[in-house]
Amino acid sequence: MKPLAARTDALRQSDIRAVTFEVNRVGGINLGQGICDLATPTPIVEATVAALRDGSQIYTAYNGTQALREAIADKAMSFNGIPVEGPESVVVSTGSTGAFLATVLTLFEPGDEVILFEPFYGYHAGILRLHGIRPVAVPLTKGGGRWTFDPDRLADAIADRTKAVLVCTPANPSGKVWSEDELAALYAEVERHDLWVLTDEIYEHMVYDGRRHLSPASRDGAYERTITLSGFSKTFNMTGWRLGYAVAPAEVAEKIGLVNDLTTICAPAPLQHGLAAALPLPEAYYTQMLADYTAKRTRMVDALRACGFDADPPEGAYYVLAGLGDRLGTPGFENARTATTTLIETAGVACVPGPSFFADPADGDGHLRFCYAKEASVLDEACDRLVDAFG
Ligand SMILES: Cc1ncc(COP(=O)(O)O)c(C=O)c1O
């Protein structure tokens, strides 16, 4: 047999999926994978059932239905403050991941480099590598409970082949919410070197303690060089529906849409029709969601601290990236992977080992990521189990 494509050589099952398999085997609680087990809001479900009954089952336009693109364009203007031209600036895709893939294929050639900030979301690096594009990691530093960005390190990482910088705000796994000053420093570099900016804002509605989500594309002059990626998986607890989008200047969005046509033709039609009919959801939905996640964040951080881990409340998203603290190097906690196994076997609780989020896996060895997007009773049970076992 002829060999498989070389691009698959380095592909392995991700730690996140491996951990899910292990925790399911022992019937434990999965705080590893970033899936939310809460219900999809009823108005969205009902509108989608109606769309299915109405026979909205045929392909939509490659960039999404007009109604959904209009709803997203309205939200991009009012919530994100992005100066979109209109629905022609929006491409609906199969999750924000589908939109990211179409954007990557639209912007980059093999051999190009894209800068991302470490710790990073593994799919960003993985999808770039799959297409022969080199992810270059610029480390963030943790100090005073927050992950900060050093513009000098960004400047040092920019090279001849650098074509873009990727910002995740709020970030998975660090929870970092990029501030006005940080974005100003980032765009100063980006403009100096004429780079594109890709932003992943999938956690845009989970920003705590009165902070405000700042969309990079809303900055003066930023829209022309910024592709904003987001979606509905996290906000509406619908990770399996696969609906997300890219927002970009109309002529760039047109190309992303044409690539989206060739990769997937379109996002699932009845789900697009149903979601568009249900949007916008009332403001109270978002307020309640944030209040619920704020309480869960406290519950998670308190339990991890009681276990002796270094845990700070994240600024955004729904993960705690905890340090192993004094436990690092003790039996069962020799590194992040053995610590993950120990947590599964002793407490029946799964997390994700830190190396998944670092270019050099050794740099992640002192960290574990816990996801608190769970029903309150399930999270309570997981926290009790952790404290009983390690507190
Ligand atoms: C930062 C980030 N972006 C994107 C995704 C996936 O989003 P979607 O379901 O819209 O493809 C995730 C899922 O965990 C994520 O953490």
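Whatever comes next refers back to the structure up there.
Since the model is a prediction, treat every value here as computed from it, not as a measurement. Residue indices follow the written sequence of each chain, beginning from 1 at its first position. Reporting in this predicted model follows two pLDDT cut-offs: at least 70 for local features of residues, and 80 or more for side-chain atom pairs to be given and counted; totals over whole chains, interfaces and linings ignore these cut-offs and use all residues. Calculated side-chain values reflect all of the structure's heavy atoms, with hydrogen atoms and water omitted.

K.L.:
Tell me about the pairing of strand 2 (residues 90–93), residues and numbers included.
P.N.:
Along any regular strand, the residues point their side chains to alternate faces of the sheet. The alternating pattern of strand 2 places Val-90 and Val-92 on one face and Val-91 and Ser-93 on the opposite face, and all of these are buried. Note on pairing: two strands pair once DSSP finds at least 2 bridges between them. For helices the rule is a DSSP run of H or I covering at least 4 residues; for strands it is a run of E covering at least 2, with both sets numbered from the N terminus onward. Pairing between strand 2 and strand 10 (residues 244–247): 4 bridges, direction antiparallel. What sits directly across from Val-91, in strand 10, is Ala-246. Note on classification: 1.4 Å probe, protein chains only; a residue is buried when its accessible area is under 20% of the maximum for its type, exposed when over 50%, partly exposed between these limits.

K.L.:
Requested: an account of the pattern of salt bridges, with residues and values cited.
P.N.:
Salt bridges are defined by distance alone: a side-chain nitrogen of Lys or Arg within 4 Å of a carboxyl oxygen of Asp or Glu. Overall, the coordinates contain 21 salt bridges when judged by the stated rule. Residue Arg-219 pairs with Glu-180 through a salt bridge whose shortest N-O separation is 2.9 Å. With Arg-219 in the loop between strand 8 (196–200) and strand 9 (226–231) and Glu-180 in helix 7 (residues 180–192), this residue pair connects regions lying 39 residues apart in the sequence. Take Glu-180: its relative accessible area is 44%, and that puts it in the partly exposed class. Beyond isolated ion pairs, a larger network of salt bridges with shared partners links Arg-146, Lys-176, Glu-182, Asp-209, Arg-211, Arg-297 and Glu-315.

K.L.:
Explain the side chain of His-367 to me, using residue names and the numbers behind them.
P.N.:
Counting through the fold element by element, His-367 comes out in strand 14 (residues 367–371). When near neighbours in sequence (up to four residues on either side) are disregarded, His-367 contacts Trp-147, Leu-321, Ala-322, Gly-323, Ala-336, Val-352, Pro-353, Gly-354 and Phe-358. Two residues qualify as a contact provided that any one of their heavy atoms is within 4.5 Å of a heavy atom in the partner residue.

K.L.:
Can you break down the layout of surface pockets residue by residue, with the values?
P.N.:
Of the two site types, the cavity is a set of points on a 1 Å grid over the protein atoms alone where a 1.4 Å probe fits but cannot get out, and the pocket is an open set with protein on both sides within 12 Å along at least five of seven lines, each lined by residues with an atom within 4 Å of a point. Grid points are joined across faces, edges and corners, and a volume is the space filled by probe spheres set on the points. The computed volume of the largest pocket comes to approximately 850 Å³. As for the largest pocket, its lining consists of 25 residues, and the residues nearest its centre are Arg-12, Ser-14, Gly-122, Gly-126 and Arg-129. Elements supplying a minimum of two residues to the lining of the largest pocket: helix 1 (15–25) and helix 5 (122–130). Per element, the largest residue contribution to the lining of the largest pocket is 7 residues, and it comes from helix 5. Residues of the lining of the largest pocket, tallied by class, amount to 14 nonpolar, 5 polar and 6 charged. For the domain bounds, the source is a domain assignment made automatically or taken from a database. When residues of the lining of the largest pocket are assigned to domains, at least three fall in each of domain 1 (6–40 + 284–390) and domain 2 (55–278). Looking at the second largest pocket, its volume works out to about 730 Å³. Along the wall of the second largest pocket there are 33 residues; nearest its centre are Lys-75, Phe-79, Asn-80, His-205 and Tyr-286. Listed by contribution, the elements that provide at least two residues to the lining of the second largest pocket are helix 3 (66–78), helix 7 and helix 10 (283–306). Ranked by residue count, the leading element in the lining of the second largest pocket is helix 3, at 5 residues. Classes in brief: Ala, Val, Leu, Ile, Met, Phe, Trp, Tyr, Cys and Pro nonpolar; Asp, Glu, Lys and Arg charged; the others, Gly included, polar. The residue inventory of the lining of the second largest pocket, partitioned by class, reads 15 nonpolar, 10 polar and 8 charged.

K.L.:
Can you lay out the site of the ligand for me, pointing to particular residues and giving the numbers?
P.N.:
Around the ligand, 13 residues are found, and the nearest of them are Ser-96, Thr-97, Asp-200, Tyr-203 and Ser-233. Of all the elements, helix 4 (residues 95–107) adds the most residues to the shell around the ligand, at 3 residues. Any residue with a heavy atom lying within 4 Å of a molecule or strand is counted as near it.

K.L.:
Outline the packing of aromatic side chains, listing residues and values.
P.N.:
A ring pair, where both rings are aromatic, is described by two values, the distance of the centres and the angle of the planes. For this analysis, a ring pair means two rings from Phe, Tyr or Trp (six-membered ring only for Trp) whose centres lie within 6.5 Å, classed as stacked if their planes differ by under 30 degrees, edge-to-face if by over 60, and tilted for the remaining angles. Counting across every chain of the model gives 17 aromatic pairs. With 5.7 Å between their ring centres and 55 degrees between their planes, Phe-236 and Tyr-285 make a pair best called tilted. Residue Phe-236 is located in the loop between strand 9 and strand 10, and its partner Tyr-285 is located in helix 10; the two are separated by 49 residues in the primary sequence. On the accessibility criterion, Phe-236 (2% relative accessible area) is buried. Ring geometry for Phe-236 against Tyr-286: centres 6.3 Å apart, planes inclined by 55 degrees, an arrangement best described as tilted. Pair noted here: Phe-236 is in the loop between strand 9 and strand 10 and Tyr-286 is in helix 10, with a separation of 50 residues, a long-range link. On the basis of relative accessibility, which here comes to 15%, the residue Tyr-286 falls in the buried class. Three or more aromatic residues joined by ring pairs make a cluster, and in this case those are Tyr-203, Tyr-293, Tyr-318, Tyr-319 and Tyr-372. By definition, being over a ring means that NZ of Lys or CZ of Arg is both within 6 Å of the ring centre and within 35 degrees of the ring normal. The ring centre of Trp-178 lies 5.0 Å from the NZ or CZ of Lys-176, which sits over that ring.

K.L.:
Got a sec to walk through the nonpolar core? Specific residues and values, please.
P.N.:
Residues grouped as a nonpolar core are buried Ala, Val, Leu, Ile, Met, Phe, Trp, Tyr and Cys residues, joined through side-chain atoms within 4.5 Å. With 66 residues, the main nonpolar core has Phe-232, Met-300, Tyr-318, Phe-370 and Leu-386 as its most contacted residues. The dominant element in this core, judged by the number of residues it contributes, is helix 10, at 7 residues. Mapped onto the domain boundaries, this core takes at least three residues apiece from domain 1 (6–40 + 284–390) and domain 2 (55–278). For Leu-386, the residues in contact, after removing those within four places along its chain, are Met-300, Leu-304, Cys-307, Leu-343, Ala-347, Val-349, Phe-370 and Gly-391. Counting 26 residues, the second largest nonpolar core, distinct from the first, contains Trp-147, Tyr-187, Leu-214 and Val-352.

K.L.:
Can you explain helix 4? Please cite residues and give values.
P.N.:
In this scheme, a helix's expected span is set at 1.5 Å multiplied by one less than its residue total. Over its 13 residues, helix 4 extends 19 Å from the first C-alpha to the last, a length consistent with the 18 Å expected when each residue adds 1.5 Å. For helix 4, every residue scored as buried is listed here: Gly-95, Ser-96, Gly-98, Ala-99, Phe-100, Ala-102, Thr-103, Val-104 and Leu-107.

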